[in-house]
Amino acid sequence: MGVLRDLDETQAPLMDHLIELRGRLLRSVFVLAVSFGVCFYFANDILAFLAQPLQDAFGEGEARLIYTKLPEVFFVELKVALFAAFCVSFPIIANQMWAFVAPGLYAREKRAFLPFLVATPILFIAGASLAYFVVMPTAFRWFLGFRGDAGGIPIEALPSAGDYLSLVMQFILAFGICFLLPVLLLLLERAGLITRASLVKMRRYVIVGVVAVAAIVTPPDPGSQLILAGPLYILFEGSLLVMLILNRRRQDQTEESGEASETV
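Here is a short report on the structure shown in this document. (Residues numbered from 1 in each chain as written. Predicted model: local features only at pLDDT ≥ 70, side-chain atom pairs only at ≥ 80, totals over all residues. Heavy atoms only, no water.)

Viewed as axis vectors pointing N to C, helix α2 (residues 43-50) and helix α4 (residues 72-101) meet at an angle of 85°, and their least axial separation amounts to 9 Å. Considering the angle they form, α2 stands roughly perpendicular to α4. Together, Ala43, Asn44, Ile46, Leu47 and Leu50 of α2 and Val76, Glu77, Val80 and Ala84 of α4 make up the contact between the two elements. Here the contact of α2 with α4 is built from residues that sort into seven nonpolar, one polar and one charged. (Axes fitted to C-alpha atoms, helices over the stretch in contact; angles between N-to-C directions. Helix = DSSP H or I, 4+ residues; strand = E, 2+ residues; numbered from the N terminus. Parallel < 35°, antiparallel > 145°, perpendicular 65-115°, else oblique. Contact = heavy atoms within 4.5 Å. Nonpolar A, V, L, I, M, F, W, Y, C, P; charged D, E, K, R; others polar.)

Core analysis: the largest hydrophobic core is formed by 45 residues, its most contacted members being Phe140, Phe171, Phe175, Leu185, Leu199, Leu228 and Phe236. Elements supplying a minimum of two residues to this core: α2, α3 (52-58), α4, α5 (107-144), α6 (161-178), α7 (181-190), α9 (203-217) and α10 (222-263). Among the elements that make up this core, the one with the highest residue count is α5 (eleven residues). When sequence neighbours within four positions are dropped, the list of residues in contact with phenylalanine 140 reads Pro53, Leu54, Ala57, Tyr164, Leu167 and Phe171. (Core = buried A, V, L, I, M, F, W, Y, C linked by side-chain atoms within 4.5 Å. Buried < 20%, exposed > 50% of the residue type's maximum accessible area, 1.4 Å probe, protein only.)

Another aspect to go through is α4. Given a rise of 1.5 Å per residue, 30 residues ought to cover 44 Å, and the 41 Å separating the end C-alpha atoms of α4 matches this to within 8%. The largest bend along α4 measures about 50° and falls at serine 89, with the proline proline 91 one to four residues further on. Every buried residue belonging to α4 is among Glu72, Val76, Val80, Ala81, Phe83, Ala84, Ala85, Ser89, Ile93, Gln96 and Trp98, and all of these are buried. (Expected span 1.5 Å × (residues − 1). Bend = angle between axes of the 7 residues up to and from the residue.)

Written out as structure tokens, the structure is:
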């Protein structure tokens, strides 16, 4: 297992740091460009994957996506490819960012940030998976329940490809980003901007805030709002539990170091 060392002994001048930054940015852009090319080749398959919840909501063989502008599907495939490319290349981009920042951190700071770097993609994927496998099928079935007729005029659901992609990306990004709440709270607590005690006192306001956020970032159906608000509050309570464990661990370490100094 590697040993985390403190600040590098050498102090590179500003120009060397800028050259290193340029190199890492170029690597990140190159990886994103290659990923985009591959994803654009499979854009139709990726779009089919994203359209599967709509297919399940409609029923086998009934779902249709239309387009009313000639270049719409082309731009939809570009957006799909770019969205998928960023998701695929994000671990490498994050690694390049960490490799640039890490040499300027002390060993204790590296140990403090590494769990957040690991938890971020895991929580985002968990939120995106909840959106894809649970929320979108539920929301789409609710939306399709408005089909029928009005005064003998049939009302049919004919979503356009562009609008559907925007809705899917809204679901995935909203749930993925909202699931990063524990990372944000723990970072703020680590920086000393908030405390666990203050969050406990604000619990009732947090509940209201969670419901408000769920209402803003999701479409206006109550099902998807509740499905987001519930896990968000659970993540908030989980963050409080993690803070309690970490605070007790830091307190024990402080007491042990104090006893050791008294012994010496």
